[in-house]
Amino acid sequence: RPGYARTIDRVARSAVDETRDLYDNACVLLALAALFAATDRIAYRKQIEILLTAIDTTLADPAGGWAEISRLFGSSRKVLTADETSAVSSGLLSCAIPNGT
């Protein structure tokens, strides 16, 4: 599944908790953006684009915007409003793609 699982066992190299969560994936996105900004390696930029696509597909809410957690897990967490989605999207893009490039 696209996106990053909530918990990974580094020794076993497997997911312990498969939940996809907006906050968790935003943290990964921020780390990738920092790596890209520090190294200018295109591999990090590609991972950023893949993760943004995963967030848009895995965490999209039918009512619009993003759900905080994948609906596959039956969460009761709130769905972001259109204004919140716009603010998050702008923030993610500004972190992920320095100077708008």
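Please refer to the structure higher up on the page.
Criteria and cut-off values
- Residues numbered from 1 in each chain as written.
- Predicted model: local features only at pLDDT ≥ 70, side-chain atom pairs only at ≥ 80, totals over all residues.
- Heavy atoms only, no water.
- Helix = DSSP H or I, 4+ residues; strand = E, 2+ residues; numbered from the N terminus.
- Buried < 20%, exposed > 50% of the residue type's maximum accessible area, 1.4 Å probe, protein only.
- Contact = heavy atoms within 4.5 Å.
- Salt bridge = Lys/Arg side-chain N within 4 Å of Asp/Glu carboxyl O.
- Expected span 1.5 Å × (residues − 1).
- Polar contact = N/O pair within 3.5 Å; in protein donor to acceptor, adjacent residues only side chain to side chain.
- Core = buried A, V, L, I, M, F, W, Y, C linked by side-chain atoms within 4.5 Å.

Caption draft 1: Inspection of the overall build of the protein at higher detail. Along the backbone of the protein there are 3 helices and 2 strands. Listed by position from the N terminus, the elements making up the protein come as β-β-α-α-α. By the burial criterion, 29% of the 101 residues in the protein qualify as buried. Here the analysis covers contacts within the protein between residues at least 6 apart in sequence; of these, 42% occur between residues at least 24 apart.

Caption draft 2: Expanded view of the pattern of salt bridges. Applying the stated rule across the entire model yields 5 salt bridges. The closest approach of N and O atoms between R6 and D17, which form a salt bridge, is 3.9 Å. Residue R6 is found in the segment before β1 (7-9), and its partner D17 is found in strand β2 (residues 14-17); the two are separated by 11 residues along the sequence. With a relative accessible area of 35%, R6 lands in the partly exposed category. Residue classification places D17 among the partly exposed residues on the basis of a relative accessible area of 24%. Here R6 makes a salt bridge to D24, at a shortest N to O gap of 3.2 Å. On the criterion of sequence distance, the pair formed by R6 in the segment before β1 and D24 in helix α1 (residues 22-39) is long-range, its members being 18 residues apart.

Caption draft 3: Seen up close, helix α2 (residues 42-58). Compared with an ideal rise of 1.5 Å per residue, which puts 17 residues at 24 Å, α2 spans 24 Å between its outermost C-alpha atoms and is within 8% of the ideal. The set of residues buried in α2 consists of R45, I48, L51, L52, A54, I55 and T58.

Caption draft 4: Expanded view of the side chain of D21. Along the polypeptide, D21 turns up in the loop between β2 and α1. Classification of D21 by relative accessible area gives buried; the value is 2%. Polar side-chain contacts of D21 include one of 3.2 Å to the backbone nitrogen of D24.

Caption draft 5: Focus on unusual backbone geometry. Positioned with a positive phi, R13 is a non-glycine residue whose angle comes to about 55°. Take R13: it is sitting in the loop between β1 and β2. On the basis of relative accessible area, R13 is assigned to the exposed category, the value being 77%. At D40, a residue that is not glycine, the phi angle is positive and equals roughly 60°. Structurally, the position occupied by D40 is in the loop between α1 and α2.

Caption draft 6: Examining the nonpolar core more closely. Formed by L22, L29, L32, F36, I48, L51, L52, A54, I55, L59 and W66, the largest nonpolar core amounts to 11 residues. Mapped by element, the contributors of at least two residues to this core are α1 and α2. Broken down by element, the residue count for this core peaks at 5 residues, all from α2.

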